[in-house]
Amino acid sequence: MRFEDVDFGQDLPELAPDVGPEAVRRFAETAGMLHPRFFDAEAARREGLPGAIVPGIMSQGILAALIHRWAPEARIQVLDTTFRAPLLVGSKPRCRGVVTDLDSDSRSVEIDLTLMNEAGETRVVGTAKVTLP
Amino acid sequence: MPVDVAELKRSWTGFEFDRVEFPVTAEELAAFARAVGESAPWFVDPGHPEFRAVPNFTTKYHGRRMWPPDFPRLSKHSVGFDAGKRVEVHAPIRAGDVLTARSQIHDIYEKTGRSGSMVFIVHRMEFSNQRGELAAVVDWRFLQQPDPD
């Protein structure tokens, strides 16, 4: 994907990431996030959460991966994500992105990012500024 | 007592309160990338000549303390929660780098929602490499709801 191939309003191909218990445990171990709220639904509920939750920075990394699937040589300069509501471990989320701005001088684009659960409820929103070849 | 957000900001922002070094290994770079679903060889294959960190790799690092000494708690009942992360990528992070992370409170601001006042505290970590180059800036927005009067 080169800058010339991108149009304003272009959708990135949707991604259905794995946030099952094994995937979340693998991420949490590599990120050193060993809090029970990421593995143990009962422990999470004692904190007032609806169940075991996906770490916010895992969701953020998944949204970066969405951009790299679309444009493998993209350089992400800024990635800003807001964790609106908990994403549950074992849910079936979908990630979407749409190009909202293009700057031909810097060959960069801005992308709005959304991560939703299977009910279509937004869990994480974000924006990215990305430079393309 | 309502929280004086302007006074909090004046008193607590803009000074370094923690500094930690993190040596970066090829194994942790590749493991983090795989765990978020990346597959490009420059993120997952340590033998690739352009092997480097994914953009939000530095979000996994934590300092020795979350807040400056004596930073006030706004609620007796809740520790608050992580409301978001903003990452600026300045220079590639590669295996063998030693990152120095400097922490400060970058901003404190208030929003009013349906459930009352929400105070956002922005904890900034600036990561520079062993050559003194700025590699990344991570802003962590932490939300606290002050106790009602």
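Scope of this entry: the structure provided in the associated data block. (Residues numbered from 1 in each chain as written. Chains lettered and ligands numbered in written order. Predicted model: local features only at pLDDT ≥ 70, side-chain atom pairs only at ≥ 80, totals over all residues. Heavy atoms only, no water.)

## Considering the packing of aromatic side chains
Applicable threshold: Whether two aromatic rings pair depends on their centres lying within 6.5 Å, for rings of Phe, Tyr and Trp, where Trp uses its six-membered ring; planes under 30 degrees apart make the pair stacked, over 60 edge-to-face, and the rest tilted. Helical segments are the DSSP runs of H or I of at least four residues, strand segments are the runs of E of at least two, and each set is numbered from the N terminus. By definition, being over a ring means that NZ of Lys or CZ of Arg is both within 6 Å of the ring centre and within 35 degrees of the ring normal.
The tally for this structure, following the rule as stated, stands at twelve aromatic pairs over all chains. With 5.6 Å between their ring centres and 80° between their planes, Phe-32 of chain B and Phe-57 of chain B make a pair best called edge-to-face. Pair noted here: Phe-32 of chain B is in helix α2 (residues 26-35) and Phe-57 of chain B is in the loop between α3 (41-44) and β2 (81-89), with a separation of 25 residues, a long-range link. A connected cluster of aromatic rings, assembled from ring pairs, spans Phe-27 of chain A together with Phe-22, Phe-32, Phe-57, Tyr-61 and Phe-127 of chain B. Geometry around Phe-120 of chain B places Lys-111 of chain B over its ring, the cationic atom sitting 5.6 Å from the centre.

## A word on the interface of chain B and chain A
By a widespread convention, an interface's size corresponds to the accessible area lost as its parts come together. As a reminder, the rule being used: Note on contacts: a residue pair is in contact if any heavy atoms of the two residues lie within 4.5 Å. As a working definition, buried area equals the accessible area (1.4 Å probe) given up by two parts on being put together, with both sides summed. Whenever Lys or Arg places a side-chain nitrogen within 4 Å of a carboxyl oxygen from Asp or Glu, that contact is recorded as a salt bridge.
Taken together, the contact between chain B and chain A spans 24 residues of the former and 24 residues of the latter. Of the roughly 2,100 Å² buried where chain B meets chain A, counting both sides, 51% is carbon and sulfur surface. Summed over the shared surface of chain B and chain A, the result is three salt bridges. Here Arg-141 of chain B makes a salt bridge to Asp-80 of chain A, at a shortest N to O gap of 3.0 Å.

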